[in-house]
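So the chains spell out like this:
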Amino acid sequence: MSIILPGAAQPPRTLREAFPANWTVRALWLGLALYVIYAAGILQITWARFIIGLDQGGKFLGRMWPPNMQAQKVQLITEGMLESLQIAVLATAFGVLLALPLGLLAARNLTPAWASWTARALIALLRTFHPVIVAILFVKAVGFGALAGVLALVVASMGFVGKLFAEAIEEISMKQVEAVRATGAGFLSVLIMGVLPQVMARFVGFIIYQLDSNLRNSTMVGIVGGGGIGATLFTAYQRFDYDVVLTILLVIIAIIMLFEVVSTRIRRVFQ
Amino acid sequence: MTGVPVSSVAHMAVGTGITRQWQRFTPAERLGRYAVYLLSAVAIIWSLRTIEVIPEFLYDAPAQTYDLFERMWPFDWRFWPTVLSGLIETLHTATLGTLIALVLAAPVALLAARNITRSVALNQLANLILVSSRSVNSLIWALLFVAIFGPGALAGTLAIAFRSIGFVGKLLGEAIEEAQTGPIEALTAAGASRMAILLKGYWPQVEPSFWSVALFRWDINVRESAVLGLVGAGGIGVALDTATSNLYWDQAGLVLATIFTVVVLTEIVTSRIRSKLI
Amino acid sequence: MTTAEPLARSATGNGGEPHVSPRDVVIRGLRKEYRAGQPVLIDVNVTIAGKGLTAIIGPSGTGKSTLIRCINRLVDPTSGQILFMGRDLATLKGGELRSARRTIGMVFQEYNLVERLSVIENLLCGRLGYMPWWRVFLRRFSEADVQRAFALLEAVGLGEMATRRADALSGGQRQRVGICRAIMQNPDLILADEPTSSLDPKTSVEIMEILERLAADRDIPVVVNIHNVELAKRFADRIIGMSKGVIVFDGPPSALEDRHLIEIYGGQGWLEP
């Protein structure tokens with residue numbers, strides 16, 4: 001392509017031509033702004049309430065600080081936290097175990113359509129309800145306590161890990177699977193040698209992610225009777241022992257931060 | 001992990017010669033893996049032993065479950081107006097909460113992104129904020145805000161917002177760190193100010209991720225908002241709480257069915273929009 | 001800065017002008033160590049004339065890219081001076097550095113366009129150094145700038161592509177946009193860091209023609225890093241050869257002989273028989 005010398009006559013072109021007005025986008029922004037005003041009104045979020053709230057907030061923070069470190073409270077908190085940890089560990093272990101076959105079934109490149117569709121529907125169902133709601137149902141079924149919490153989180157784990165697992169399997173290179181099939185290997189062998197190596201690294205990531213998620217969720221299923229530190233926190237809350245509440249919150253944050261460090265290490269091991 | 005061997009060849013003396021055996025992992029790797037497996041096994045066994053399972057409740061479970069579902073159906077449709085208004089409130093809470101979170105998370109994400117904020121101290125501070133936000137469940141945030149602002153949707157909206165800051169901020173920060181440096185270099189070389197580089201160099205690259213994360217979080221927030229009412233923070237959870245406290249399971253069933261429908265719908269809508277985004 | 005400064009003669013000498021004008025880029029004692037004790041540039045002294053196309057050749061890793069990037073401070077020199085337009089670029093900071101940078105246009109090997117923005121918007125990014133950020137946010141570019149941008153696009157044959165997204169263009173087209181962006185800055189100097197290395201031979205020639213024409217039409221120096229010696233010989237008014245962090249050749253293309261190339265690139269096998 002040769003270079004055209006500047007100076008050839010052209011009609012003047014303007015800013016407007018450079019940035020053609022995108023009316024759809026403008027309409028969306030306007031709609032968003034209007035919505036915010038509308039919704040705030042519906043929810044009665046007024047400036048007055050906010051100011052009052054800030055004042056209350058200050059008082060609230062004052063009652064939370066300093067965090068309560070009495071021996072008997074600390075022991076209660078430790079027990080509660082340990083129970084939450086146990087709930088998280090068990091929920092992850094069983095949830096992941098059950099998610100494996102579920103995810104495999106749901107992968108459209110491995111199983112026939114009717115199987116994968118059923119599995120996908122099941123996964124969607126498991127994910128629909130918030131763990132707290134599932135916990136309420138399990139409390140009705142198996143009574144108060146950690147078991148209900150574990151079962152609720154198993155359901156959540158199956159749903160989430162199952163979905164991630166199915167997506168990971170669908171993204172693998174089928175050529176490698178074909179190659180293993182061509183050697184005459186049976187279905188399970190094909191799985192082990194052709195499919196699993198490709199997804200294993202990501203699978204470890206999912207397990208760690210789910211353990212983290214269950215750790216966070218286990219702190220709250222107690223509010224509805226599912227055991228763990230959520231119960232301790234809720235009791236303290238209802239008694240207005242806000243300094244205990246603060247201690248519990250700090251412990252939760254510390255444990256989760258610790259876990260994030262540990263999980264990076266674990267990921268590296270399985271790299 | 002450069003420089004670390006990914007598998008090893010072990011030399012073994014066999015008979016009169018030395019043969020080489022292929023091992024899948026180096027000794028260091030194997031040690032690491034065994035350690036993790038061992039720890040996991042210990043954790044699981046310890047948990048199983050200490051968790052309380054009351055056998056009577058367990059045997060009773062199938063009967064209880066059947067009883068539960070029997071009581072839920074047919075739904076009590078007189079409850080519908082309450083459910084509907086609760087639902088609308090939930091949707092507003094989720095949306096407004098997500099929007100507030102986006103606004104609040106953006107500066108924190110900029111602070112956390114190591115290619116934008118060079119100060120390690122600020123990076124750490126931002127990360128601390130984000131982790132704290134994520135570690136506290138929206139339900140617990142709701143408890144706190146109910147104590148401050150009183151029961152109602154204001155508490156719920158702020159709970160959703162504060163919980164979402166961690167999620168949005170973390171993913172946004174990662175998206176910013178993954179921005180290509182080439183265009184940034186070009187704008188720097190042209191003498192653009194920091195703000196101009198942010199607007200024209202980073203934002204165009206980060207924008208698709210921004211909206212994708214926003215939608216993703218909104219989807220999750222709809223689910224989360226639904227339960228906040230259980231602690232008094234408004235929305236459809238209040239209806240659920242009333243129903244379960246009074247053991248009106250047919251009302252509860254209606255609430256659950258509504259939640260189910262809404263969640264499925266939002267998931268369909270968000271996945272459609274997200275696929276059009278890139 | 002006074003003008004009558006004695007010129008430091010380089011190794012091979014070029015009978016250079018006795019007077020140095022502020023439009024020349026005077027580099028003195030330039031040194032860059034990425035890691036202590038392992039310098040990439042070793043006491044480089046050279047004066048790049050304030051007009052014409054200067055090509056810097058040499059193998060990878062020899063410091064050519066570092067040298068060019070020191071000029072607009074994308075890399076900070078460890079020590080030394082870079083004198084241009086009455087300022088020592090090596091010591092500038094903050095607002096002064098930005099105002100110096102906006103007078104220096106740069107063309108990159110990987111084009112470095114903002115891919116999701118339109119072609120015309122990429123061009124207008126060349127004006128960012130001259131605008132307050134709120135105008136950038138509102139996209140309030142001046143009409144004059146917009147006219148220039150359109151005119152430049154026409155001049156390089158990309159008029160119809162103005163509102164297309166940058167990532168819809170081919171490599172050669174993108175590089176033309178990159179060059180136009182540099183021109184939008186109304187620069188006093190243009191730096192080009194391997195502008196043709198990602199392009200096929202035909203497109204490479206087109207790009208070098210544009211750069212050559214730029215130097216002539218606008219009467220500004222254009223400094224090009226290039227590893228293709230043939231292109232360098234064909235388009236440059238002056239060639240600087242580097243090897244291992246020092247300048248080993250400085251003269252017109254006609255003076256570049258095989259023995260110089262061996263010194264620069266080492267080994268003989270790659271030279272044509």
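Criteria and cut-off values
Residues numbered from 1 in each chain as written. Chains lettered and ligands numbered in written order. Predicted model: local features only at pLDDT ≥ 70, side-chain atom pairs only at ≥ 80, totals over all residues. Heavy atoms only, no water. Helix = DSSP H or I, 4+ residues; strand = E, 2+ residues; numbered from the N terminus. Rg over C-alpha atoms; globule rule 2.2 N^0.38 Å. Buried < 20%, exposed > 50% of the residue type's maximum accessible area, 1.4 Å probe, protein only. Contact = heavy atoms within 4.5 Å. Areas by Shrake-Rupley, 256 points an atom, 1.4 Å probe, with all protein chains shown as cover. Buried area = accessible area lost by both parts, 1.4 Å probe. Salt bridge = Lys/Arg side-chain N within 4 Å of Asp/Glu carboxyl O. Polar contact = N/O pair within 3.5 Å; in protein donor to acceptor, adjacent residues only side chain to side chain. Nonpolar A, V, L, I, M, F, W, Y, C, P; charged D, E, K, R; others polar. Pairing = 2+ DSSP bridges. Axes fitted to C-alpha atoms, helices over the stretch in contact; angles between N-to-C directions. Expected span 1.5 Å × (residues − 1). Bend = angle between axes of the 7 residues up to and from the residue. Parallel < 35°, antiparallel > 145°, perpendicular 65-115°, else oblique. Phe/Tyr/Trp six-rings, centres within 6.5 Å; stacked < 30°, edge-to-face > 60°. Lys NZ or Arg CZ within 6 Å of the ring centre and 35° of its normal. pLDDT = per-residue confidence, 0-100.

## Details of the overall build of chain A
- A tally of helices and strands in chain A yields 11 helices and 0 strands.
- For chain A, the sequential pattern of α-helices and β-strands runs α-α-α-α-α-α-α-α-α-α-α.
- Relative to the compact-globule value of 18 Å for 271 residues, chain A shows a C-alpha radius of gyration of 27 Å, a clear excess of over 25%.
- Taking the principal axes of the C-alpha coordinates as reference, chain A spans close to 85 × 70 × 35 Å.
- Residue burial in chain A is summarised as follows: out of 271 residues, 45% are buried.
- Look at the contacts in chain A between residues 6 or more apart in sequence, and 75% of them connect residues 24 or more apart.
- Accessible area of chain A: about 14200 Å², with a carbon and sulfur share of 70%.

## Quick notes on the interface of chain C and chain B
- Counting from both sides, the interface comprises 27 residues of chain C and, opposite them, 20 residues of chain B.
- Note on chain C versus chain B: buried area summed over both sides is about 2000 Å², and carbon and sulfur give 64% of it.
- Linking chain C to chain B there are 3 salt bridges.
- In this structure, the salt-bridge partner of Lys200(B) is Glu121(C), at a minimum N-O distance of 2.4 Å.
- Viewed at the interface, chain B and chain C are joined by 5 residue pairs in polar contact (both at pLDDT 80 or more).
- Counting residues per element, the ones that place at least two in the side of chain C that touches chain B are helix H2 (94-101), strand E6 (104-107) and helix H4 (133-138) of chain C.
- Looking at side-chain class alone, the side of chain C that touches chain B contains 13 nonpolar, 4 polar and 10 charged residues.

## Concerning the sheet that holds strand E4 (residues 79-84) of chain C
Residue and element names in this part refer to chain C.
- Spatially, 4 strands are ordered E2-E1-E4-E5 in an open sheet, and the strand pairing comes out antiparallel. Two strands lie at the open edges of the sheet, namely strand E2 (38-48) and strand E5 (87-88), each paired on one side alone.
- As judged from the 4 bridges shared by strand E1 (residues 25-35) and E4, these two strands associate in the antiparallel manner. By the bridge assignment for E4, Arg31 is matched with Ser79.
- The strands that helix H1 (residues 64-71) touches are E1, E2 and E4; relative to E1, the one it contacts most, it runs at about 120°.

## Let's talk about helix H8 (residues 194-228) of chain B
Residue and element names in this part refer to chain B.
- Between its terminal C-alpha atoms H8 stretches only 41 Å, short of the 51 Å expected from 35 residues at 1.5 Å a residue.
- Trp203 marks the point of greatest bend in H8, at about 55°, and the proline Pro204 comes within the next four residues.
- Taking burial as the measure, the 35 residues of H8 include 25 buried ones, the bulk of the element.

## What about the packing of helix H9 (residues 187-218) of chain A against helix H11 (residues 242-269) of chain A?
Residue and element names in this part refer to chain A.
- Direction vectors running N to C along H9 and H11 enclose 170°, while the axes themselves pass 10 Å from each other. Relative to H11, the element H9 lies roughly antiparallel. Side by side, H9 and H11 meet where Gly205, Ile208, Leu211, Asp212, Leu215 and Arg216 of the first sit next to Ile255, Ile256, Phe259, Glu260, Ser263, Ile266 and Arg267 of the second.
- Considering only residue class, the contact of H9 with H11 consists of 7 nonpolar, 2 polar and 4 charged.

## Notes on the pattern of salt bridges
- For the structure shown, the criterion picks out 32 salt bridges over all chains.
- Ionic pairing is found between Arg216(A) and Asp212(A), a salt bridge with its closest N-O pair at 2.6 Å. A residue pair is termed a helical-turn pair when its members lie 3 or 4 positions apart in one helix, as Arg216(A) and Asp212(A) do in helix H9 at 4 residues. Each member of the pair, Arg216(A) together with Asp212(A), is buried.
- Between Lys170(B) and Glu174(B) there is a salt bridge, and its shortest N-O distance comes to 4.0 Å. Taken together, the positions of Lys170(B) and Glu174(B), both in helix H6 (residues 153-177) and 4 residues apart, correspond to about one turn of that helix.
- Note on Lys170(B): relative accessible area 38%, which makes it partly exposed.
- In the salt-bridge network here, residues are joined through shared partners; they are Arg127(A), Lys163(A), Glu167(A), Asp219(B), Arg223(B) and Glu267(B).

## Describing the packing of aromatic side chains
- The final tally for this structure, using the stated rule, is 19 aromatic pairs over all chains.
- Three or more aromatic residues link up through ring pairs in this structure, and these residues are Phe60(A), Phe234(A), Tyr237(A), Phe240(A) and Tyr242(A).
- The ring of Phe167(B) has Arg217(B) sitting right over it, with the charged end atom 4.7 Å from the ring centre.
- Lying over the aromatic face of Tyr130(C), Arg127(C) brings its terminal NZ or CZ to 4.1 Å of the ring centre.

## A closer look at the interface of chain B and chain A
- On the side of chain A, 65 residues touch chain B, which itself brings 62 residues to the contact.
- When chain B packs against chain A, close to 5600 Å² is buried across both sides, 76% of that on carbon and sulfur atoms.
- The interface formed by chain B and chain A contains 4 salt bridges.
- Taking the shortest distance from any N to any O, the salt bridge between Glu260(A) and Arg134(B) comes out at 2.8 Å.
- Connecting chain B to chain A are 9 residue pairs in polar contact (both at pLDDT 80 or more).
- Element by element, the count of residues in the side of chain B that touches chain A is highest for helix H1 (residues 27-50) of chain B, at 10 residues.

## Describing unusual backbone geometry
- Of the consecutive residues Trp65(A) and Pro66(A), the connecting peptide bond is found in the cis state with omega at -5°.
- In this fold, Pro66(A) is placed in the loop between helix H3 (47-64) and helix H4 (71-106).
- Cis rather than trans, the peptide bond between Trp73(B) and Pro74(B) has omega equal to 0°.
- For Pro74(B), the position within the fold is in the loop between helix H2 (55-72) and helix H3 (80-112).
- Backbone geometry places Phe240(A), a non-glycine residue, at a positive phi of 65°.
- We note that Arg73(C) has phi near 65°; this positive angle belongs to a residue other than glycine.
- Within the secondary structure, Arg73(C) is located in the loop between H1 and E4.
- The class of Arg73(C) is buried, set by a relative accessible area of 11%.

## Let's talk about the side chain of Asn72(C)
- Inspection of the secondary structure puts Asn72(C) in the loop between H1 and E4.
- For Asn72(C), a relative accessible area of 1% corresponds to the buried category.
- With near-sequence residues (within four places) excluded, Asn72(C) lies in contact with Ala189(B), Arg101(C), Ile104(C), Met106(C) and Leu191(C).

## Concerning the environment of Gly229(B)
Residue and element names in this part refer to chain B.
- One can find Gly229 in the loop between H8 and helix H9 (236-245).
- For the pair formed by Gly229 and Thr242, sequence separation is 13 residues and the distance between their alpha carbons is 9.6 Å.
- In this view, Gly229 contacts Gly234, Gly237, Val238 and Asp241; residues no more than four positions away in its chain are not counted.

## Focus on the confidence of the model for chain A
- Per-residue confidence for chain A averages 85 on the pLDDT scale, and 95% of its residues sit at or above 70.
- In this model, residues 1-5 of chain A is a region of pLDDT below 50 whose contacts with residues beyond four sequence positions or in other chains number 10 contacts.

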